[in-house]
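Topology and contacts: notes
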Amino acid sequence: MCEKQDQAWLEDSLEKNDEEVFKIIRKEKERQRSGLELIASENFASAAVLQALGSCLNNKYSEGYPGVRYYGGAEHIDELERLCQKRAREVFKLDADKWSVNVQPYSGSPANFAVFTAIVQPHGRIMGLDLPDGGHLTHGFMTDKKKVSATSIFFESMPYKVHQDTGYIDYDRLAENAKLFKPKVIIAGVSCYSRHLDYKRMREIADENNAYLMADMAHISGLVAAGIVPSPFEHCDIVTTTTHKTLRGPRSGMIFCRKGVRKVTAAGKEEMYNLEKPINEAVFPGLQGGPHNHAIGGVAVALKQAMTEEFIADQKQTIANARHMAKLLLDRGFNVVTGGTDNHLMLVNLKNKGTDGNRADKTLEAIGIACNKNSCPGDTSALRPSGLRLGTPALTSRGFKEQDFDKVVHLIDRAVQLTLDIQNSLEPKAPFKDFKDKLYKDPKFVEEVKALKGEVSAFASRFPMPGLPTL
Ligand SMILES: *Cc1c(COP(=O)(O)O)cnc(C)c1O
């Protein structure tokens with residue numbers, strides 16, 4: 001009896017046990033509920049996903065792989081991990097004889113680092129789309145002054161770029177440079193690029209240089225799962241992904257790689273892939289310890305959901321919403337880079353409007369609209385990015401349809417107008433700090449910010465927010 005009472009606090013609800021954290025989570029939930037989420041990499045995980053994530057799976061250590069663990073009591077974890085792998089292949093329509101999948105990476109960045117660790121020697125060469133051009137940090141990002149990403153410290157990276165005038169990837173220059181640089185891996189993957197990738201062309205470039213072609217479909221994996229954008233699996237040797245963006249699962253990562261015959265030489269000799277073992281060993285024990293089984297449980301749930309009609313309809317709606325949003329922005333004189341979108345996001349260059357990403361992003365944040373400032377093709381200063389990255393997955397998960405984006409774009413337009421009004425009240429070269437002071441402190445603008453924020457909140461609150469009821 002006495003012992004039981006001593007342990008009672010371990011069963012208290014979060015609200016009772018830790019009011020401070022509980023209150024912060026409630027505030028964050030309210031922010032998510034009453035705001036407009038346009039961050040292209042974010043989404044609202046379902047209640048079932050969050051339940052798996054908050055389950056006892058969190059307690060279990062299971063270093064190793066199904067059937068070969070360094071910890072006892074892993075029989076149910078084995079079943080879970082195998083189920084997750086099976087669903088991962090099903091979702092992306094992969095043959096178990098041809099594709100291996102590792103569901104243990106903690107997230108997208110560790111997944112990419114594991115691939116390079118597995119197949120690129122230290123100081124071996126990689127080529128990815130440059131970060132300012134829409135690529136990801138982990139594709140070898142560095143600047144003139146600094147090797148920023150570990151993927152540029154431990155490996156030698158040469159970026160490829162988009163055309164400054166069109167915003168489309170310059171595949172010809174990639175082909176030319178790959179011939180000189182001879183990378184071990186070419187990465188086909190983007191964080192801010194609104195057009196389909198030409199995997200076929202990239203396959204040809206990889207083949208010319210005996211390089212592996214790796215797709216990083218982190219942003220678009222939900223769209224790929226729904227079969228509504230070109231699948232990278234057709235042309236790539238390796239595919240990495242996060243699971244929490246369009247796929248709408250928990251924060252985690254996966255690596256798919258081919259196995260079996262890589263190619264047949266002119267002499268008729270079969271050359272086999274050697275990816276599965278090195279990649280598995282790079283994930284564990286190379287870079288990670290125990291897998292996050294609660295995350296793997298959540299990924300399994302998300303993958304099952306990704307095979308439903310409802311999910312496919314949502315992904316289609318995500319693209320329909322993005323197309324509609326891009327059109328509305330173009331109609332209002334915004335410069336949508338590449339003139340539109342094929343996927344769930346768009347990049348808007350604000351230069352012609354007389355402002356930049358930093359300032360517009362601050363105003364939008366102040367009124368409850370979340371997005372990212374982003375550099376645009378032709379930008380010279382990384383400190384003053386010209387544009388905004390806007391994405392539709394999160395709002396689509398809340399049930400937004402095309403006509404709802406009429407209102408969203410109207411609100412964005414007013415925020416940009418307010419940004420210009422504030423700028424016009426300042427000296428032309430006034431620093432960013434002065435802008436923020438006006439936005440947050442000048443009574444003339446504070447009132448309009450408040451009114452717009454109220455409008456955003458009233459509008460957003462009309463839509464349900466997927467997730468658990470209280471937290
Ligand atoms: C988001 C993203 C990642 C990294 O994912 P994290 O889970 O944040 O580590 C990797 N690659 C691309 C293309 C991404 O967009």
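Refer to the structure presented above.
The shown structure was predicted, so the numbers you read here are calculated from the model rather than taken from an experiment.

Observations regarding the state of the cysteines
On inspection of all chains with the given rule, the structure shows zero disulfides. Cysteine C376 remains unbridged, with the sulfur of C192 as its closest cysteine sulfur at 7.7 Å. When its relative accessible area of 3% is taken as the criterion, C376 is described as buried.

Some details on the packing of aromatic side chains
Enumeration over the complete set of coordinates arrives at 14 aromatic pairs. Aromatic pair F459 and F463: ring centres 5.5 Å apart, planes at 80°, arrangement edge-to-face. Here the aromatic cluster, defined as three or more aromatic residues joined through ring pairs, consists of F92, W99, F233 and F256. Sitting over the face of the ring of F181, R125 holds its NZ or CZ atom 4.9 Å from the ring centroid. The cationic tip of R359 hangs over the ring face of F435; the distance from NZ or CZ to the ring centre is 6.0 Å.

A closer look at the packing of helix α14 (residues 357-366) against helix α16 (residues 402-424)
Running from N to C, α14 and α16 point in directions that differ by 120°, and their axes come no closer than 9 Å. If you check the angle between α14 and α16, you find them oblique. Relative to α16, α14 is oriented so that their crossing is right-handed. Only I412, A415, L418, T419 and Q423 of α16 make contact with α14, whose side of the interface consists of R359, A360, T363 and L364.

Here's the deal with the environment of C376
The topology assignment puts C376 in the loop between β16 (372-374) and β17 (387-391). Between the C-alpha atoms of C376 and G289, which are 87 residues apart in sequence, the distance is 39 Å. Ignoring any residue separated from it by four or fewer positions in sequence, one finds C376 in contact with V337, L347, V348, N349, S386 and G387.

Quick notes on the sheet that holds β17
Pairing in this open sheet of four strands is antiparallel, and the strands run β13-β14-β17-β16 from one edge to the other. Only two strands of the sheet have a single partner each, and these edge strands are β13 (335-336) and β16. Sheet topology places strand β14 (residues 345-349) next to β17; five bridges connect them, and they run antiparallel. Looking across to β17, one finds that M346 is bridged to L390. Packed onto the sheet, α14 meets β16 and β17 and runs at close to 45° relative to β17.

Scoring rules and cut-offs
- Residues numbered from 1 in each chain as written.
- Predicted model: local features only at pLDDT ≥ 70, side-chain atom pairs only at ≥ 80, totals over all residues.
- Heavy atoms only, no water.
- Disulfide = S-S within 2.5 Å.
- Buried < 20%, exposed > 50% of the residue type's maximum accessible area, 1.4 Å probe, protein only.
- Phe/Tyr/Trp six-rings, centres within 6.5 Å; stacked < 30°, edge-to-face > 60°.
- Lys NZ or Arg CZ within 6 Å of the ring centre and 35° of its normal.
- Axes fitted to C-alpha atoms, helices over the stretch in contact; angles between N-to-C directions.
- Helix = DSSP H or I, 4+ residues; strand = E, 2+ residues; numbered from the N terminus.
- Parallel < 35°, antiparallel > 145°, perpendicular 65-115°, else oblique.
- Left-handed = near helix turned anticlockwise from the far one by under 90°.
- Contact = heavy atoms within 4.5 Å.
- Pairing = 2+ DSSP bridges.

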